[in-house]
Amino acid sequence: MSKETRKKILVVGATGFVGPALVDEFSQAGYHVICGVRNLEAASQQLDFPNVEFIKVDMNEDLNPNTWLDRLKEHEIDGVINNVGIANAFGGQSLENVNVNAPLALFEAVSFYCQENKEANRHPQNVSVFQISTTGVNWDDCDAYKYPKSKKLIDESLVETQGINFIIIRPNIIYEPRRGHLLFEQIARLPVITYIGDGNIQPIHCRELAIGIVRLMNNPYKADGSILQATGPEVMTWKKVFITVCDALDREHGIFIRVPLLIGQLFTNLIQRLPEKVLFRLGILSKMDNDTIEMMTKGSVGDNREWLQKTSLKPIHVFDTYRSLAKSEEDYSNYIQSIRDTFIDHQEN
Ligand SMILES: NC(=O)c1ccc[n+]([C@@H]2O[C@H](COP(=O)([O-])OP(=O)(O)OC[C@H]3O[C@@H](n4cnc5c(N)ncnc54)[C@H](OP(=O)(O)O)[C@@H]3O)[C@@H](O)[C@H]2O)c1
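Because the structure is predicted, anything quoted here is derived from the model rather than measured.

The rules we used
- Residues numbered from 1 in each chain as written.
- Predicted model: local features only at pLDDT ≥ 70, side-chain atom pairs only at ≥ 80, totals over all residues.
- Heavy atoms only, no water.
- Pairing = 2+ DSSP bridges.
- Helix = DSSP H or I, 4+ residues; strand = E, 2+ residues; numbered from the N terminus.
- Axes fitted to C-alpha atoms, helices over the stretch in contact; angles between N-to-C directions.
- Contact = heavy atoms within 4.5 Å.
- Salt bridge = Lys/Arg side-chain N within 4 Å of Asp/Glu carboxyl O.
- Buried < 20%, exposed > 50% of the residue type's maximum accessible area, 1.4 Å probe, protein only.
- Near = heavy atom within 4 Å.
- Polar contact = N/O pair within 3.5 Å; in protein donor to acceptor, adjacent residues only side chain to side chain.
- Areas by Shrake-Rupley, 256 points an atom, 1.4 Å probe, with all protein chains shown as cover.
- Nonpolar A, V, L, I, M, F, W, Y, C, P; charged D, E, K, R; others polar.
- Core = buried A, V, L, I, M, F, W, Y, C linked by side-chain atoms within 4.5 Å.
- Parallel < 35°, antiparallel > 145°, perpendicular 65-115°, else oblique.
- Left-handed = near helix turned anticlockwise from the far one by under 90°.

1. Here we look at the sheet that holds strand S4 (residues 79–82)
An order of S3-S2-S1-S4-S5-S6-S11 is seen for the seven strands of this open sheet, with the pairing classed as parallel. Where the open sheet ends on each side, the last strands, each with one partner, are strand S3 (52–56) and strand S11 (226–230). The average angle at which neighbouring strand axes cross in this sheet is 20°, direction not considered. Bridge analysis of strand S2 (residues 32–37) against S3 gives five bridges, and the strand direction is parallel. Paired with Ile34 across the strands is Glu53, a residue of S3. Packed on one face of the sheet, helix H1 (residues 18–28) meets strand S1 (8–12), S2, S3 and S4 and runs near 165° to S2.

2. Quick look at the pattern of salt bridges
Summed over the entire model, instances satisfying the criterion amount to 15 salt bridges. In this structure, the salt-bridge partner of Asp155 is Arg170, at a minimum N-O distance of 3.0 Å. With Asp155 in helix H5 (residues 146–160) and Arg170 in strand S6 (residues 165–171), this residue pair connects regions lying 15 residues apart in the sequence. For the residue pair Asp155 and Arg170, the accessibility class agrees, reading buried in each case. In this structure, Arg305 and Asp303 form a salt bridge, with 2.6 Å as the shortest nitrogen-oxygen distance. You can call Arg305 partly exposed: its relative accessible area is 43%. On the basis of relative accessibility, which here comes to 43%, the residue Asp303 falls in the partly exposed class.

3. Quick word on the site of the ligand
Close to the ligand lie 26 residues; Thr15, Arg38, Met59, Tyr147 and His181 are nearest. Interatomic distance of 2.9 Å between a backbone N/O atom of Phe17 and an oxygen atom of the ligand. Within the complex, 83% of the 890 Å² of free accessible area of the ligand lies under protein. By residue class, the composition of the shell around the ligand is twelve nonpolar, eleven polar and three charged.

4. Digging into the nonpolar core
Across soluble globular proteins, you tend to see nonpolar side chains buried next to one another. In terms of nonpolar packing, the biggest core is built from 69 residues, with Phe26, Ile81, Ile169, Ile213, Trp307 and Tyr322 touching the most fellow members. It is helix H7 (residues 206–218) that provides the largest number of residues to this core, a total of eight residues. What Ile81 contacts, discounting residues up to four positions off in sequence, is Ile9, Leu10, Val11, Val12, Leu22, Phe26, Phe130, Ile132, Ile213 and Met217. Formed by 30 residues, the second largest nonpolar core is a distinct cluster that contains Leu69, Ile77, Leu106 and Ala109.

5. Observations concerning the environment of Gly212
Along the chain, Gly212 falls in helix H7. In sequence terms Gly212 and Ser312 are 100 residues apart; their C-alpha atoms lie 8.1 Å from each other. Excluding anything up to four places from it in sequence, Gly212 contacts Arg207, Trp307, Thr311 and Leu313.

6. Concerning the side chain of Arg340
Topologically, Arg340 is positioned in helix H14 (residues 329–341). A distance of 2.9 Å separates polar atoms of two side chains, one belonging to Arg340 and the other to Glu25. If near-sequence neighbours (up to four positions away) are discounted, Arg340 is found in contact with Glu25, Gln28, Arg207, Ile211 and Arg215.

7. A word on the packing of helix H9 (residues 261–271) against helix H11 (residues 290–298)
H11 packs onto H9 with a crossing angle of 125° between their chain directions and a minimal axis gap of 10 Å. Classified by the angle their axes make, H9 and H11 are oblique. In terms of crossing hand, the pair formed by H9 and H11 is right-handed. Two secondary-structure elements touch here, H9 through Leu261, Gln265, Thr268 and Asn269 and H11 through Asn290, Ile293, Glu294 and Thr297. Taken together, the residues that form the contact of H9 with H11 break down as two nonpolar, five polar and one charged.

As structure tokens, this is what we get:
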């Protein structure tokens, strides 16, 4: 298939943790992926997949819909994924710009773009927009935290934007072995595992999320206008997550120590000063502020039935992930391939 005949998807926020999985899955599924990134050189090294190109974007600054309209026209975009989201304002960024104002400009541009194409009888006239949100929006006190509050605001704005086809995806904690912000397999190996509280979470594997989004993009009319809770198949506490990972890896788990939130925050703030190599061994790969630590441990869940019905996915279990990984690399990649190849008819009930 040539570039001209492939559907062109703009993924904004193509780097980081989830972005590369999205780009990889879209590329494997036969799309041409335009990656909206801040650093072209770093992105081209990180995203070494076929049928991928890069454009420079900055959600801290690209607040004018015309900036986005030019990009949509130049690349004849058929679908848009806004995967950008920051949980805190590290690096001098404005959370309002990155999470709300720039996505709003992008969504307005998509609306103009579709309208112009309709008037000129050009294609595409229906462009699906996917907004990656969070289950944190479901909290009753969501407005007390800047990050879910900003996601709620942009989700609501998207719903209200006229003339746009959209799907909002609200994932829970996202994980994948060796990648991401917290490495479950590293944490599970520690002799002492500290945890805060018994809040329930429903971790979702990054590949389940990415494969599901590709399937929705293949048939967007199935979920148009939906808000889907992309949560994993099991409701678990953090303690249960690490016990499950240890069981899957056939390891004895260490001692669990429950600590109060304040101690957990102090401890995390201190260990974040350690060198990256040490942090990797501790299973922490990203900078967290006190709010992020509180939100992560507060717990959040969501009903994933509609997500599974619309994507026909076989959900990925934490145990199966690490059990297949413990057997061999080949077993693990066959397991993920089986997810790509399996379609389940989840009956509505
Ligand atoms: N990880 C989770 O457990 C989780 C759970 C629920 C929802 N989510 C949502 O899922 C999405 C992806 O999360 P993630 O964990 O992959 O986050 P991440 O690793 O922090 O990646 C964030 C992405 O946003 C980009 N970005 C940040 N500031 C930007 C700016 N000013 N302009 C353009 N791009 C910018 C980053 O690019 P750079 O590489 O240039 O920094 C990166 O591509 C986010 O919307 C997040 O809110 C994540």
